[in-house]
Amino acid sequence: MNPRVRFAPSPTGQLHIGGARTALFNYLFSHHNQGQFLVRIEDTDLERSKQEFTNQICESMKWLGLTWDEDLVFQSQRTNQYKIAIDSLLDCGEAYRCFSTKDELDKIREETNSYSYPGIWRERSDIEIQSEIDNGNPFTIRLKTPESGETSFDDLIYGTIKVEHSEIDDFIIARSDGSPVYNLTNVVDDNDMGITHVIRGEDHISNTPKQILMYKTLGWNVPTFAHLPMILGQDKKRLSKRHGATGVQSYRDDGFQPEALLNYLSLLGWNPGTEEEVMSLHEIIEKFELSKVHKKSAVFDEKKLNWISGQHLAMQSNKTIISDIKLVNDTWGNSESHEYCLNVIDLMKSRSKSLVQLMDQSNYYFNDPTEFDEKTVRKTWKDGTKDIVESVRYILETIDNWEIKSLEEKLKSFMEERELGFGKVMKPVRLAICGTVNGPSLFAVMDLVGKDACLRRIKYAINTL
Ligand code: GLU
């Protein structure tokens, strides 16, 4: 049977890195196994859930390319299904009404030093219960859990997990206002949606035995579970807002491309078992196996993300990059021709980690540098530099055939004749033309920005530095 999996975000915030990784692993697993990937919006917490977050989550998923195969399911539209399940549990005596008040429960907790509910209303007579109802006393609904034995499940990542039933109390499945709790809605939905594999964060391991008890009590098939390892920040604490950018949107705004972010996320807890870590989504789908996901927490490493991102950028066609850039900033490069911009990308893509960095570092292809870093100037522009650069300018002025080859020939023979090293000549010339001493082949840059701009920039540097 082809698997059906789902990503079930609560719309109480935007899609963050952890959620995106969960969504991705579900997507990879379903695509690797020709299954279906669904999305369910768990919006039962009416106070914290916001439509705006649902929109943001969906937008981020679409941007990442994690598209789902069926219409979104909203828990807020499924109240009736939850009611049917609760009523059926009550009818067959597998759940019961509990009239214990908060004060009463607090007192028991204090006395027993435990949060476990001792089953006070578990075996009450119908008459007793009816009289409480008639008196209008509020009640919660609790599942009658087994008193002995154990529940165990084989987690695809964490292995066999066993919990003694003595550790599971008669937990609440509906609050006193009638609203169902997460452990109930989750089970009802996963069953109705035909979910075969529940792939989610390891923080849900503790909910799983309770959910399994619910499946069994309701007479439903129990899905297979796979809990994904936690993602930590560099300080080995759970990744959170404290660690800076954790929202997918901020990576998009910083000019990371979806392929790169997905590739990096895929490596958080999984590795392809080969040396090669830079992969397209297609390759990741082919290689992905849940059995190769490890339980050890994964550490979010910004440096590695940058590296992967740079590798993706370098592999991409200039045309793809320019259209991605336009999504981030549609005015980029508008002062020059499309052809010119493609050439800029060609020179810069292997030197940038993201689209935004590529744009930032490409400023000198469009504007004359007018500000120079003091420290760089001190290191590059020394006594005698001015004369050398003057000579270079003179030579450049005489070149009619302005192209890489002639520029290279003329400047190299100048250096040889004057017995000047590359650093002494080309570094200051680069500083004048680019405003920085790093970058791709200077001959290629000069060729692209053109003779007039090069001469004008060198003149400016000579006059100001
Ligand atoms: N809404 C839950 C969460 O965001 C989903 C839990 C699950 O996948 O079962 O953590």
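Quick summary incoming for the structure in this document. Treat the numbers as computed from the prediction; the structure is a model and nothing was measured.

**Some details on the overall build of the chain**
Across its full length, the chain carries 20 helices and twelve strands. Taken against the 2.2 N^0.38 rule, which gives 23 Å for 465 residues, the C-alpha radius of gyration of the chain at 32 Å runs more than 25% over that of a compact globule. Based on the C-alpha atoms only, the size of the chain along its principal axes is roughly 110 × 45 × 35 Å. When each of the 465 residues of the chain is scored for burial, the buried share is 49%. Long-range contacts, defined as pairs at least 24 residues apart, comprise 74% of the intrachain contacts of the chain with a sequence gap of at least 6. Roughly 23,300 Å² of accessible area belongs to the chain as shown, and the carbon and sulfur atoms make up 46% of that amount. Taking the 56 positively charged and 71 negatively charged side chains of the chain as two groups, their mean positions are separated by 6 Å.

**Digging into the site of the ligand**
The immediate surroundings of the ligand are formed by Arg6, Ala8, Ser10, Glu42, Tyr182, Asn186, Arg200 and His204. With respect to the ligand, the side chain of tyrosine 182 contributes an N or O atom lying 3.1 Å from an oxygen atom. In this structure, an oxygen atom belonging to the ligand sits 3.1 Å away from a side-chain N or O atom of asparagine 186. Compared with its free state, where it exposes 300 Å², the ligand has 79% of that area covered by protein.

**A short note on unusual backbone geometry**
The phi angle at glutamine 34 is positive, at roughly 50 degrees, despite the residue not being glycine. With respect to the helices, strands and loops of the structure, glutamine 34 is situated in the loop between helix H1 (17-32) and strand E2 (36-41). Not every positive phi belongs to a glycine, and asparagine 113 is a case in point at roughly 55 degrees. As for its position among the elements, asparagine 113 is in the loop between helix H4 (102-112) and helix H5 (126-134). On the accessibility criterion, asparagine 113 (72% relative accessible area) is exposed.

**Here's the deal with the sheet that holds strand E5 (residues 140-143)**
Judged by pairing direction, the sheet is antiparallel, and its three strands sit side by side in the order E4-E5-E8 without closing on themselves. Each having just a single partner strand, strand E4 (95-98) and strand E8 (172-174) make up the two edges of the open sheet. Averaged over neighbouring strand pairs, the angle between their axes works out to 45 degrees when direction is ignored.

**Focus: the sheet that holds strand E1 (residues 4-7)**
If you walk across this open sheet you meet the three strands as E1-E2-E3, and the pairing is parallel. Only two strands of the sheet have a single neighbouring strand rather than two, namely E1 and strand E3 (73-74). In this structure, E1 lies alongside E2, joined through four bridges in parallel fashion. Note that in E2 the partner of valine 5 across the bridge is phenylalanine 37. Contacts from H1 reach E1 and E2 within the one sheet, and its direction differs from that of E1 by about 165 degrees.

**With respect to the packing of helix H18 (residues 422-434) against helix H19 (residues 442-449)**
At a minimum axis distance of 11 Å, the contact between H18 and H19 shows a crossing angle of 35 degrees. The two elements H18 and H19 cross, and the hand of that crossing is left-handed. Across the interface between the two elements, Phe422, Met426, Val429, Arg430, Ile433 and Cys434 of H18 pack against Leu442, Phe443, Val445, Met446 and Val449 of H19. Split by residue class, the contact of H18 with H19 holds ten nonpolar, no polar and one charged.

Rules used throughout
Residues numbered from 1 in each chain as written. Predicted model: local features only at pLDDT ≥ 70, side-chain atom pairs only at ≥ 80, totals over all residues. Heavy atoms only, no water. Helix = DSSP H or I, 4+ residues; strand = E, 2+ residues; numbered from the N terminus. Rg over C-alpha atoms; globule rule 2.2 N^0.38 Å. Buried < 20%, exposed > 50% of the residue type's maximum accessible area, 1.4 Å probe, protein only. Contact = heavy atoms within 4.5 Å. Areas by Shrake-Rupley, 256 points an atom, 1.4 Å probe, with all protein chains shown as cover. Lys, Arg positive; Asp, Glu negative; His and termini not counted. Charge placed at Lys NZ, Arg CZ, Asp CG, Glu CD. Near = heavy atom within 4 Å. Polar contact = N/O pair within 3.5 Å; in protein donor to acceptor, adjacent residues only side chain to side chain. Pairing = 2+ DSSP bridges. Axes fitted to C-alpha atoms, helices over the stretch in contact; angles between N-to-C directions. Left-handed = near helix turned anticlockwise from the far one by under 90°. Nonpolar A, V, L, I, M, F, W, Y, C, P; charged D, E, K, R; others polar.

Note that all results are geometric; they support no functional claim without further evidence.
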